[in-house]
Amino acid sequence: MSSIAVLNRQKQQHEALQARRNQAGKAYADLMSPWSSEGDAVCKELSSDPQAGLSQGEVTERLELYGPNALKAERKTPWYKRLLAQFMSPVVITLIIATVISAFLGERADAIAIISIVIINAIVGYLQEAKAEQAVEALKRMSAPKARVLRGANVIEVEARDVCPGDILVLEAGDFIAADARLIVASQLSTDEAVLTGESLPVTKTTKVLPKETPLADRLNMLFAGTAVAGGSARAVVVETGMNTEIGRIAGMIESAGESRTPLQERLEQVSSKLLIFCIGVVIVVAIFGLIHKDPWIEVLMTGISLAVAAIPEGLPAIVTLALALAVRRMSKRNAIVRHLPAVETLGSTDVICTDKTGTLTTGKMGVRDVVVGAKASVATDSASLNGDEGFANLVRSSVLCSNASLGDKGQGIGDPTEVALLQLAKEHGVDGAALNHEHPRIAEWSFESVRKRMSVAVSDGGKSVLHVKGAPESVLARCTLSESDKQTISAQIEALSSQGRRLLAVASRTLGESPAELPAKQFTADAVESGLTFLGLVAMADPPRAESIDAISKCHGAGIKVVMITGDHPITAKAIATELGIILPGKFDQVLTGPDLDALSDEALVKRVEQVAVYARVSPEHKLRIVKAWKTQGSVVAMTGDGVNDAPALKEASIGVSMGKGGTEVARQASSMILADDNFATIVSAVEEGRAIFGNIRRSIQYLLSGNLAEILIMLGAAVLGWPAPLAPIHLLWINLVTDGLPALALAAEPVPKGLLTSTGRPSPASFFDRNFYQEMILVGVTVTVLALAVYGYSMRYEDEITARTHVFTFLVFAELFRSFANRSETKTFFQLGPASNLYHLGAVSVPITFQMMLHHTTWFQTFFKVRMVNWTECLVLLALTLVPVTFLEVRKYMRFGRTAS
């Protein structure tokens, strides 16, 4: 067969396959609301047998039509693009241009030095981001999830990606749900849908037909990909797979979410733009004076190059990269993995943290919070105080016996989370649930029903049949023998606990008249046995807050950061948890909005109201996006934390997305900039503190560099105005910028985080990198150093030769810059208040250039290369005294401003 014939045949096959896909897609479009049809009708529409499932041939054909049951993988950025991205900042581009000009003019030493620092900076940034990506890959699940399906009338286990529309899922407690499916049969089925809806409690499922307009969270006859079976068993027919599932739809929303530029990137662009404008202006002025003085054009050009070198802080990219890399390393030790370097600093600028509740602020597991023993007892918030109480012991025993859950070898819960919480309570008080069930074998069970809202079991107890009942308080109380006063007391306790967002269970028991041998034959109905019960008490449960979250939120408030809780929970539950965590600030930040409330608000109205809303309940992924965008419209830097698929679009839209690495979903991790390996909200507070420290360190480093650069420019400009030869050669300026300035600036970037930083400093403003003090100090330093340097140059030009004069100015500037760095370690504390041992890197960064500078003046080869001569001891002492003037001036000014109480 010819190659043309082969191509034509492949084309025809492709077109036929595409037509079949389109036809199948149309068929499934008719099933947009499978919850509004009977399960058997859905199976018929999908050509699936609920008793036998699909044949292997049908599975192969459908996988070919619809593809694997998997989400679209995150597009990986090629390594060469990530490397090239390191060269894209304006400062780096300017340095590359300066390299080309220097090489063209024969200044090879300058060109090699500049391009070397650019390349080193790029490699460091690339390697750091690559290392972070490797850490992210390590967090992925080690094995693909499995699914049990009915195929050819046999139940088999397959990879989740091999599940197709029409497959019949066979599910039990603890199973992963591989695709969106319509329930066919269900027995006491409940599912954990927290990753999709944010609902922390298990959702009880049903097979009943629901109205077409039923919202996602209330589609009780549907199962959703990525969720899990909490209890019971079921069979369901798959209706959507891959990107067509609810999770897939949310994953698609991630692609439309915007990528935010970080405050650090914006500030550095400000710095770069102003530097370039200032540099061009000064070069033009110098060129004009050169032409007025009729200097040779080559000399004017070289002076311009010298000014360009002086104006641009060559070490700035490396300093920023190193500062962020050091922060990343420190954060990794605190279980925070930073995927992109600027994300560390972004957290420092954050003034709003929008956080998911379930699994982030809370443990994500149900736990017993309060216990009420008997009809007249008060609420006991500490069940340990009930040890030895007979009523409490009876309550615990009944709770354990009336349960189908169990605890694994390592204490992990298996079954309904509510029942697991009861077993955990028993375990805490020395009751072995397995042993208790073995001692009291079950005779009969009346399963939980949504109409009765109760579950009952009969067990053998010392030759008697004892009934144990648990369920909704109103349902159980109606079956108990209680006086009116007791009912009123219990009702008041129920109301009080419900207002706190607790999930309540009432527990009761009674001794049956039939013996264990007689009871099964009677076949009593639930209504027949569930009467005349003895009320044992109430158990109040909730998904408890993480202990460290309360302290973390308190620190956030102290640092001027608002914490906004966004959850799928009921508003009463959400408000109760938010109050317990300290998120709500009465009278300032205390409103609660629900999803329907948000739908009723326009985007403009939400922007006006967003600053008063502390809690959002019953929200969808679209709502989370609106909330984040509203805060950003207000000018806030927004961090969004979360672990579920439903959090992913907002994670990407936020200024910085922070996902959970331990219990979070892969979709959420891919959408985030930072991952918490320990799923601990408190780690975010450490990250915020680290970010503010990074801001301060980078700011002081840039101030140190720019102050020195301004002095260099003013020295060159002053000499040009006075008609003097250029006091500094390009190699002198490059040496000062890269070595003398560069090493101390790097050490300033590594300054440790001071104690109490989070509450002692305000949030860095995203509007501008500069403030009044920044300008004042930069100008004071620049002018002071310029006056002293020109005085040295003028004196030396009068009494010495030009090389000696340049040597004196070069030496003065080197030591003046090195000593001045001691004043830049803190904006409020003097060097003596800080102590030299608090940053040994800085001592080394000053000592090394001093050593090199001394060698430079006393080695013949270096004297020739740098165009300097040896400086004698008398000259050294005079120059040393002058170099101490700027640093002394700064330290005295600082001490006068902040005094002994500086912090």
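Residues numbered from 1 in each chain as written. Predicted model: local features only at pLDDT ≥ 70, side-chain atom pairs only at ≥ 80, totals over all residues. Heavy atoms only, no water.

**Focus on the overall build of the protein**
To keep things clear, this is the line we draw: Secondary structure elements are taken from DSSP: a helix is a run of H or I of four residues or more, a strand is a run of E of two residues or more, and numbering for both begins at the N terminus. Throughout this description, buried means an accessible area under 20% of the type-specific maximum (1.4 Å probe, protein chains only), exposed means over 50%, and partly exposed covers the range between. Residue exposure ignores everything except the shown protein chains as possible cover, and the areas themselves are Shrake-Rupley values with a 1.4 Å probe.
What the protein contains, in helices and strands, is 36 helices and 24 strands. In the protein, which comprises 903 residues, the share counted as buried stands at 53%. Element-wise, carbon and sulfur atoms account for 58% of the exposed surface of the protein, whose accessible area totals about 39,400 Å².

**A closer look at the nonpolar core**
Rule in force here: Grouping buried Ala, Val, Leu, Ile, Met, Phe, Trp, Tyr and Cys residues that are joined through side-chain atoms within 4.5 Å yields what is termed a nonpolar core. Every residue pair with non-hydrogen atoms within 4.5 Å of one another is taken to be in contact.
Counting residues in hydrophobic clusters, the biggest one holds 79 residues, and the most contacted among them are Cys 354, Met 565, Ile 583, Tyr 616, Trp 631 and Met 674. For this core, the leading source of residues is helix α27 (residues 682-722), giving 11 residues. When residues no more than four places from it in sequence are discounted, the contact partners of Ile 583 are Leu 361, Ile 553, His 557, Val 563, Met 565, Ala 578, Phe 589 and Ala 614. Within the second largest apolar cluster, 39 residues are counted, among which are Val 781, Val 792, Leu 818 and Ala 823.

**Topic: the pattern of salt bridges**
Think of it this way: side chains of opposite charge can pair up when their charged atoms draw near. Counted only if it meets this: Think of a salt bridge as a Lys or Arg side-chain nitrogen and an Asp or Glu carboxyl oxygen that are within 4 Å of each other.
Within this structure, the stated rule accounts for 29 salt bridges. The salt bridge involving Arg 546 is made with Glu 548; its shortest N-O contact spans 3.8 Å. Overall, the relative accessible area of 16% leaves Arg 546 in the buried class. Note that Glu 875 and Arg 869 form a salt bridge whose closest N and O atoms lie 2.8 Å from each other. Taken together, the shared-partner salt bridges in this structure form one network comprising Arg 452, Arg 454, Arg 479, Asp 527 and Glu 530.

**Some thoughts on unusual backbone geometry**
For residues other than glycine, phi is negative in most cases, and the peptide bonds are mostly trans. One non-glycine residue, Gln 188, lies in positive phi territory at about 50 degrees. Here Gln 188 is to be found in strand β4 (residues 180-192).

**A word on the packing of aromatic side chains**
Quick note on the threshold: Note on aromatic pairs: the rings of Phe, Tyr and Trp (six-membered ring only in Trp) are paired at centre separations within 6.5 Å, and the planes decide the class, stacked below 30 degrees, edge-to-face beyond 60, tilted for the rest. Criterion for a charge above a ring: Lys NZ or Arg CZ within 6 Å of the ring centre, and within 35 degrees of the ring normal.
Counted according to the given criterion, the structure contains 10 aromatic pairs. We note Arg 219 situated over the ring of Trp 35; from NZ or CZ to the ring centre the distance is 3.8 Å.

**As for empty space enclosed by the protein**
Put simply, the rule reads: Only protein atoms enter the 1 Å grid used here, on which a cavity is any set of points holding a 1.4 Å probe that cannot leave and a pocket is any open set flanked by protein within 12 Å on both sides along at least five of seven lines; residues with an atom within 4 Å of a point are listed as lining. Grid points are joined across faces, edges and corners, and a volume is the space filled by probe spheres set on the points. Side-chain classes follow a simple rule in which Ala, Val, Leu, Ile, Met, Phe, Trp, Tyr, Cys and Pro form the nonpolar group, Asp, Glu, Lys and Arg form the charged group, and the remainder, Gly included, forms the polar group.
Under the counting rule described, the total for this entry stands at three cavities of 30 Å³ or more. The wall of the largest cavity is formed by 13 residues, among which Glu 777, Ser 826, Glu 827, Arg 893 and Lys 894 lie closest to the centre. Those elements that place two or more of their residues in the lining of the largest cavity are α27, α31 (772-799) and α36 (873-898). Per element, the largest residue contribution to the lining of the largest cavity is four residues, and it comes from α36. Split by residue class, the lining of the largest cavity holds two nonpolar, four polar and seven charged.

**With respect to the sheet that holds strand β9 (residues 352-356)**
Rule in force here: In short, DSSP must find at least two bridges between two strands for them to pair. A fitted line through C-alpha atoms serves as each axis, taken over the contacting stretch for helices, and the angle formed by two N-to-C directions is quoted from 0 to 180°.
Read from one edge to the other, the open sheet built from eight strands follows the order β8-β24-β23-β22-β9-β19-β21-β20, with strand pairing classed as mixed. Strands at the two margins of the open sheet, each flanked by one partner only, are β8 (336-338) and β20 (591-594). Strand-to-strand twist of the sheet, defined as the mean angle between neighbouring strand axes without regard to direction, takes the value 20 degrees. Across four bridges, the pairing between β20 and strand β21 (residues 613-617) is parallel. Following the sheet pairing, Gln 591 is matched in β21 by Val 613. Its contacts with the sheet place helix α24 (residues 621-633) against β9, β19 (562-566), β21 and β22 (638-642), and it is angled at close to 160 degrees to β22.

**Some thoughts on helix α34 (residues 840-858)**
Defined as follows: Any helix carries an expected span of 1.5 Å times its number of residues minus one. It is the directions from the helix axis to the C-beta atoms whose arc is reported.
With 19 residues, α34 extends 28 Å between its outermost C-alpha atoms, agreeing within 8% with the 27 Å of an ideal straight helix rising 1.5 Å per residue. What α34 keeps buried is the set His 842, Ala 845, Val 846, Pro 849, Gln 853, Leu 856 and His 857. Down the axis of α34, the buried side of the element spans an arc of 95 degrees, and every buried residue falls inside it. Those residues of α34 that are exposed and aimed more than 90 degrees away from the buried face are Leu 840 and Tyr 841.

**Section: the pairing of β4**
Summarising the sheet, β4 and strand β7 (residues 228-240) pair through 10 bridges and their orientation is antiparallel. Note that in β7 the partner of Ser 190 across the bridge is Gly 231. Bridging between β4 and strand β6 (residues 222-223) involves two bridges; their strand directions are antiparallel. What sits directly across from Arg 182, in β6, is Met 222. When β4 meets strand β5 (residues 203-204), the two strands line up antiparallel, connected through two bridges. For Thr 191, the partnering residue across the bridge sits in β5 and is Val 203.

**Observations regarding the environment of Glu 817**
Turning to its location among the elements, Glu 817 is positioned in helix α32 (residues 802-820). When its relative accessible area of 1% is taken as the criterion, Glu 817 is described as buried. Along the backbone, Glu 817 and Thr 883 are 66 residues apart, and their C-alpha atoms lie at a distance of 8.0 Å. Not counting residues within four places of it along the chain, the set of residues in contact with Glu 817 comprises Tyr 704, Gly 708, Ile 736, Thr 740 and Asp 741.

**Topic: α27**
Between its first and last C-alpha, α27 extends 60 Å over 41 residues, near the 60 Å set by a 1.5 Å rise per residue. Counting buried positions over the 41 residues of α27 gives 35, a clear majority of the element. At the C-terminal side of α27, Gly 723 shows a positive phi close to 80 degrees.

**A few points about the environment of Ile 584**
Assignment of secondary structure puts Ile 584 in the loop between α21 (571-581) and β20. Spatially, the C-alpha atoms of Ile 584 and Gln 612 are 9.8 Å apart, while their sequence positions differ by 28 residues. When sequence neighbours within four positions are dropped, the list of residues in contact with Ile 584 reads Lys 575, Ala 578, Thr 579, Phe 589, Asp 590, Ala 614 and Val 615.

**Structural notes on the packing of helix α13 (residues 390-401) against helix α14 (residues 417-428)**
Definition in use: Any angle that falls under 35 degrees is termed roughly parallel, while one over 145 is termed roughly antiparallel, one within 65 to 115 roughly perpendicular, and all others oblique. With the far helix as reference, a near helix turned anticlockwise by less than a right angle produces a left-handed crossing, and one turned clockwise produces a right-handed crossing.
Axis separation between α13 and α14 bottoms out at 9 Å; the angle between their running directions is 135 degrees. Accordingly, the angle class assigned to the pair α13 and α14 is oblique. Of the two elements, α13 crosses α14, and the hand of that crossing is left-handed. Contact with α13, carried on its side by Phe 392, Val 396, Ser 399 and Val 400, involves Leu 422, Leu 423, Leu 425 and Ala 426 of α14 and no other residues of that element. By residue class, the composition of the contact of α13 with α14 is seven nonpolar, one polar and no charged.

**A short note on the packing of α31 against α32**
Orientation of α31 relative to α32, taken along the N-to-C sense of each, is 155 degrees, at an axis distance of 8 Å. By the criterion of interaxial angle, the relationship of α31 to α32 is roughly antiparallel. The hand of the α31/α32 crossing is right-handed. Counting all contacts with α31, which are made through Val 781, Val 785, Leu 788, Ala 789, Val 792, Tyr 793, Ser 796 and Met 797, the residues of α32 involved are Glu 802, Ala 805, Arg 806, His 808, Val 809, Phe 812, Leu 813 and Arg 820.

**Some remarks on the pairing of β22**
By the criterion of burial, β22 is predominantly enclosed, with five of the five residues buried. Here β22 shows two buried faces, one formed by Val 638, Met 640 and Gly 642 and the other by Ala 639 and Thr 641. In the sheet, β9 pairs with β22 via four bridges, with the strands oriented parallel. Note that in β22 the partner of Thr 355 across the bridge is Thr 641.

**Some details on the confidence of the model for the protein**
Worth spelling out the cut-off: On a scale of 0 to 100, pLDDT captures the predictor's confidence in every residue.
Of the residues in the protein, 81% reach a pLDDT of 70 or more, and the chain-wide mean stands at 80. Within the model, the stretch residues 25-30 combines pLDDT values under 50 with seven contacts to residues more than four positions away or in other chains. Note on residues 138-144: pLDDT under 50 across the span, and 10 contacts to partners over four residues away in sequence or across chains.

**Re a nonpolar patch on the surface**
Quick note on the threshold: Distance thresholds for patches are 9 Å for like charges and 5 Å for nonpolar side chains (Val, Leu, Ile, Met, Phe, Trp, Tyr), applied to residues having over 30% relative accessible area and no salt bridge.
On the surface, Ile 280, Ile 284, Ile 288 and Ile 292 cluster together into a nonpolar patch covering about 390 Å² of accessible area. When you line up the elements, Ile 292 lands in helix α9 (residues 263-292). Under the relative-accessibility criterion, Ile 292 is labelled exposed at 55%.

**Here's the deal with the side chain of Ser 673**
With respect to the helices and strands, Ser 673 occurs in the loop between α26 (666-671) and β24 (674-676). Residue class for Ser 673 comes out buried when judged on its relative accessible area of 18%. Not counting residues up to four positions away in its chain, the partners in contact with Ser 673 are Ile 337, Val 338, Arg 339, His 340, Ala 343, Ile 656 and Gly 657.

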